[in-house]
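So you can see what is in the structure, the chains are spelled out below.
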Amino acid sequence: MAKKTLTVRNMMLGDGIPKICVPITAGTMEEMKAQVQKILDAPCDMVEWRADFFQETAGETWLLDALVFLRKSLKEIPLLFTFRTKEEGGERRIPMEEYARLNASAAATGLIDLADVELNRGEELLCSITQRLHVYGVRVIGSFHDFGGTPAKEEIVDVLCRMQKCGVDITKAAVMPRTEEDVLTLLEASLQMKKQYSDRPFITMSMGSQGAVSRLAGSLTGSSVTFATAGRASAPGQMEAEALARLLPAMNVEICR
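Residues numbered from 1 in each chain as written. Predicted model: local features only at pLDDT ≥ 70, side-chain atom pairs only at ≥ 80, totals over all residues. Heavy atoms only, no water.

Undergrad: Sorry if this is basic, but what is going on with the overall build of the protein chain here?
TA: What the protein chain contains, in helices and strands, is eight helices and 11 strands. When its C-alpha atoms are laid out on the principal axes, the protein chain stretches across 55 × 40 × 35 Å. For the protein chain, the computed accessible surface area is about 11500 Å², with 52% contributed by carbon and sulfur atoms. (Helix = DSSP H or I, 4+ residues; strand = E, 2+ residues; numbered from the N terminus. Areas by Shrake-Rupley, 256 points an atom, 1.4 Å probe, with all protein chains shown as cover.)

Undergrad: Help me out: how do you make sense of unusual backbone geometry in this one?
TA: Trans is the common state for peptide bonds, and a negative phi is the common state for residues other than glycine. The phi dihedral of Arg9 is positive, around 55°, even though this residue is not glycine. If you check the backbone angles, Lys75 has positive phi at about 55° while not being a glycine. By secondary structure assignment, the location of Lys75 is in the loop between α2 (62-74) and β5 (79-82). By relative accessible area, which is 59% here, Lys75 ends up exposed. (Buried < 20%, exposed > 50% of the residue type's maximum accessible area, 1.4 Å probe, protein only.)

Undergrad: Hey, could you run me through the nonpolar core in this one?
TA: If you look at the biggest cluster of nonpolar residues, it comprises 65 residues, and the most contacted ones within it are Ile24, Met32, Trp49, Leu67, Leu70 and Ile112. In this view, Ile24 contacts Met32, Gln35, Val36, Ile39, Val47, Glu48, Trp49, Arg50 and Leu70; residues no more than four positions away in its chain are not counted. Formed by 17 residues, the second largest nonpolar core is a distinct cluster that contains Val8, Leu13, Ala174 and Met176. (Core = buried A, V, L, I, M, F, W, Y, C linked by side-chain atoms within 4.5 Å. Contact = heavy atoms within 4.5 Å.)

Undergrad: It is not clear to me how the packing of helix α5 (residues 153-165) against helix α6 (residues 180-197) should be interpreted in this structure. Could you clarify?
TA: A pair of packed helices is characterised by two quantities: the angle between their axes and the separation of those axes. Running from N to C, α5 and α6 point in directions that differ by 45°, and their axes come no closer than 9 Å. Regarding the angle of α5 to α6, the classification is oblique. In the crossing of α5 with α6, the sense of the turn from one axis to the other is right-handed. Between α5, through Lys153, Ile156, Val157, Leu160, Cys161 and Gln164, and α6, the contact on the second element is made entirely by Thr185, Leu186, Glu188, Ala189, Gln192, Met193 and Tyr197. Looking at side-chain class alone, the contact of α5 with α6 contains eight nonpolar, three polar and two charged residues. (Axes fitted to C-alpha atoms, helices over the stretch in contact; angles between N-to-C directions. Parallel < 35°, antiparallel > 145°, perpendicular 65-115°, else oblique. Left-handed = near helix turned anticlockwise from the far one by under 90°. Nonpolar A, V, L, I, M, F, W, Y, C, P; charged D, E, K, R; others polar.)

The following block contains the structure:
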């Protein structure tokens, strides 16, 4: 199966060393300004705005105001918009219609490059939102999270393949290990995607400190992005961006055949 890469601004996914994405988890504009400054001082290929952390949402312009600031500050660094719902480990619950509208509103500003859309809202909605965001030129990361455990390898592969069929540009699966074997299950599923099923970039990770190796192993398993911190983490097990930037090149080893 032909493997596709994806270029977003000056960043290419699906080839070479995994790219480092740093999340913004600010609750206020003042916190956002401070976090952005830390990110700009750290190694970073992409920035994720976790809008579900943001508390200053009164009025009609909060979304546009925040995105204008981020786009101006980040310049050519790709910006990923994510509203992570409570059901998948985020900070807030919102109705399905509001979730779809918020993603479309962010895309319509022309200020974001990618948006994360969750599978748990159903494949029909994932397909629908993906099509709508593509109209605005926004690339979509279809995402699946399991904070309760690690599904079987076949289930992880099936989830990633189902999201490919929905037309997303990148697929993502994040699972929680309970045992050492769970970490290996995630790595094996990733390798199977790389070798057999993936026709576009994908992202996989085993969360928590036990799964930290999965955030370093993308050159081996095919995972194209690893999430790191330059301050507050957005998910358990994220490493500091500085440490990842030192370690990732050493893990980019050609496999002898």
